[in-house]
Amino acid sequence: TTIATQGQNLAFPDGFVWGAATAAYQIEGAVHEDGRGPSIWDTFSHAPGMVADGHTGDTASDHYHRYKDDVRLMRELGLRAYRFSVAWPRIQPSGSGPANAAGLDFYERLVDELLAADVSPYVTLYHWDLPQVLEDLGGWTNRDTAYRFADYAHAVHERLGDRVGTWMTVNEPWVAAFLGYGIGVHAPGRASPEDAFRASHHLLLAHGLSARALREAGAREIALTLNLAPVVTPGQLNDPELVLSAEDAEAVNRVDCLLNRQFLDPALRGSYPDPVLAIVDRIAGLGHIHDGDLDAISQPIDLLGINYYTPCVVQSGPGEPSNPVYPGTEDILFSGAYAPTTAMGWPIVPTGLSQLLERLTRDYPEVGLLVTENGAAFDDVVTGERVHDADRTAFLESHLRAAHAAIETGTDLRGYLVWSLLDNFEWAEGYHRRFGIVHVDFDTQRRLPKDSALWYRDVIEQNGLRRERAKRPTLEAVA
Ligand code: PNW
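Quick caveat, the model's predicted, so the values are computed rather than measured.

*Asks:* Honestly, the UniProt feature "binding site: substrate" (unreviewed entry) in the chain in this entry has me stumped. Any pointers?
*Replies:* UniProt marks Gln26, His127, Asn171, Tyr309, Trp419, Glu426 and Trp427 with the feature "binding site: substrate" (unreviewed entry), using the numbering shown here. You can see Asn171 is positioned in strand 5 (residues 166-171). Once residues within four sequence positions are removed from consideration, Asn171 is found in contact with Arg83, Thr124, Tyr126, His127, Trp128, Thr225, Asn307 and Glu373. Mapped onto the fold, Trp419 is located in strand 14 (residues 413-419). You can call Trp419 buried: its relative accessible area is 2%.

Below, the structure written as structure tokens:
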């Protein structure tokens, strides 16, 4: 059968990078193997009450043992790139000192398997699994952690640099700092706005110091990956041209500074925006921002990685309750359900992606852009040998159309990576939230490509979207 999709045929630029993404703690399992040390996510997930139903990453999607099957799936889907993260505690079990050869061996095997399958490895160096020993010394609130991170980055590059072209330093420092240290719903589970701002700066410093080390070692392409979102009022969702009251404009700007520009400006312009400095000064003081830090943080980078899921909707007026994830916004109201949502409760707003890409192009024109994560959790149902996840396909298609619209207006978008290749450990939600385009049965570890994966395979093969889909066979499950 052919499946009709809406709208026109859309071709993407030649060489557009189609791929998918994962992260070490979310898929690997094998937490005690080959000398891996504990990370803050082992500690956090094993602490009672922190993750839904007490789920942990002990086994996860068992990718550590099944990476060959997983790479075969990637080849069958035609992925050109695979973004994965290296687990710091596999490389330095206690966060510093000589590299653990067995840990590096695993990633070397994975990279070689990817290259043999003609899939380019895109390596993230930090996707939230800080070695527990470093947390015991203060974690990201300790400036020294940034220096330890640069050493670790250097060690990974030394082994894989001849085969890996694209290096992503730190994934989503906002989430790591404000969910991990600010409100404690992520590891390490601390709830202190002051700690969050210190952690945030040190994560940026870790980015800058590691970018410098990677550059000196000859890395080809260096990126920072941020969770970014357009910040708008409820009225602007329907009418982007709406003129805001002075109070709403100030509320929008303040939240935009905390969520987006707190990271974009230091990395790409070498400065913090004034509203951020004012809030940091009031809550944490500025003593942790040393002379020279912003020079280190603003190392030239080649790519900005964008993780986009949903916009951030705010207006002036007392927050009820105020949103502690954004310290210094007690007088701002955050809104939730203004559009149909995914299983995460995140409203689906594809135009947010085109808006975001166009804004980045306007305000930070120097850096190339790559969507490093976009995707959705839905309550998938396995029916026989299929998962008919039409909702996920619609989500991905609408966001690709938005990405294409931004390209047409001049955005230098180099590629698009779906979050995620596989169903996996969704942090505080455990295994209850499925983001994969490939279904994982967590009892048997069987992989079954969902309909969205088959659709994505066609998109990649066509280098874009077509009105009609060709008739092609489904993919076999992998036991
Ligand atoms: C990202 N928020 O996390 C991560 O990079 C992935 O590891 C994760 O699985 C994916 O998105 C889906 O959640 C986020 O609360 C977690 O704004 C939380 C937020 C944003 C991103």
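Resuming the write-up.
*Asks:* Help me understand the site of the ligand in this model?
*Replies:* Near the ligand lie 15 residues; those nearest to it are Gln26, His127, Glu373, Glu426 and Trp427. For the ligand, an oxygen atom lies 2.8 Å from a polar atom in the side chain of His127. Take Glu172: an N or O atom from its side chain is 3.2 Å from an oxygen atom of the ligand. Relative to its free-state accessible area of 450 Å², the ligand is covered by the protein chains to the extent of 85%. Partitioned by chemical class, the residues of the shell around the ligand number eight nonpolar, four polar and three charged.

*Asks:* I tried to follow the sheet that holds strand 10 (residues 332-335) on my own but got confused; where do I start?
*Replies:* The strands that make up a sheet pair up through hydrogen bonds in the backbone, lying either parallel or antiparallel. Spatial strand order, 7-9-10: three strands in an open sheet with mixed pairing. Two strands bound the open sheet, and with one partner strand each, they are strand 7 (231-232) and strand 10. Together, strand 7, strand 9 (312-316) and strand 10 form the strand contacts of helix 11 (residues 246-269), whose direction differs from that of strand 9 by roughly 140°.

*Asks:* Could you clarify how one ought to interpret the packing of aromatic side chains in this entry?
*Replies:* For any pair of aromatic rings, the description rests on two quantities: the centre-to-centre distance and the angle between the ring planes. Under the criterion given, the structure shown has 35 aromatic pairs. Consider the rings of Phe12 and Trp18, whose centres lie 5.0 Å apart with planes at 65°: the pair is edge-to-face. Each member of the pair, Phe12 as well as Trp18, is classed as buried. Taken together, the aromatic side chains of Tyr25, Trp41, Phe44, Trp128, Phe425, Trp427, Tyr431 and Phe442 make up a single cluster linked through ring pairs.

*Asks:* I tried to follow the UniProt feature "active site" (unreviewed entry) in the chain on my own but got confused; where do I start?
*Replies:* UniProt records the feature "active site" (unreviewed entry) for Glu172 and Glu373 in the present numbering. Annotated residues spanning 202 residues; largest pairwise C-alpha distance 10.7 Å, indicating a single compact cluster. Tracing the sequence through the fold places Glu172 in the loop between strand 5 and helix 8 (173-182). Glu172 gets classed as buried once you look at its relative accessible area, which sits at 6%. As for its position among the elements, Glu373 is in strand 11 (residues 368-373). Judged by its relative accessible area of 4%, Glu373 is buried. In this structure, Glu373 is in contact with Arg83, His127, Asn171, Glu172, Ile306, Asn307, Tyr308, Tyr309, Leu417 and Trp419, ignoring residues within four places of it in sequence.

*Asks:* Mind showing me how you'd approach the pairing of strand 8 (residues 303-307) here?
*Replies:* Walk down a regular strand and you will see the side chains alternate between the two sheet faces. Most of strand 8 is tucked away, with five of its five residues classed as buried. Of the two faces of strand 8, the one lined by Leu303, Gly305 and Asn307 and the one lined by Leu304 and Ile306 are each fully buried. Across five bridges, the pairing between strand 6 (residues 221-227) and strand 8 is parallel. Looking at the pairing, Ala223 lines up with Leu303 of strand 8. In terms of strand pairing, strand 8 meets strand 11 through five bridges, oriented parallel.

What counts and what doesn't
Residues numbered from 1 in each chain as written. Predicted model: local features only at pLDDT ≥ 70, side-chain atom pairs only at ≥ 80, totals over all residues. Heavy atoms only, no water. UniProt positions renumbered as here; feature names shortened; annotations may be inferred. Helix = DSSP H or I, 4+ residues; strand = E, 2+ residues; numbered from the N terminus. Contact = heavy atoms within 4.5 Å. Buried < 20%, exposed > 50% of the residue type's maximum accessible area, 1.4 Å probe, protein only. Near = heavy atom within 4 Å. Polar contact = N/O pair within 3.5 Å; in protein donor to acceptor, adjacent residues only side chain to side chain. Areas by Shrake-Rupley, 256 points an atom, 1.4 Å probe, with all protein chains shown as cover. Nonpolar A, V, L, I, M, F, W, Y, C, P; charged D, E, K, R; others polar. Pairing = 2+ DSSP bridges. Axes fitted to C-alpha atoms, helices over the stretch in contact; angles between N-to-C directions. Phe/Tyr/Trp six-rings, centres within 6.5 Å; stacked < 30°, edge-to-face > 60°.

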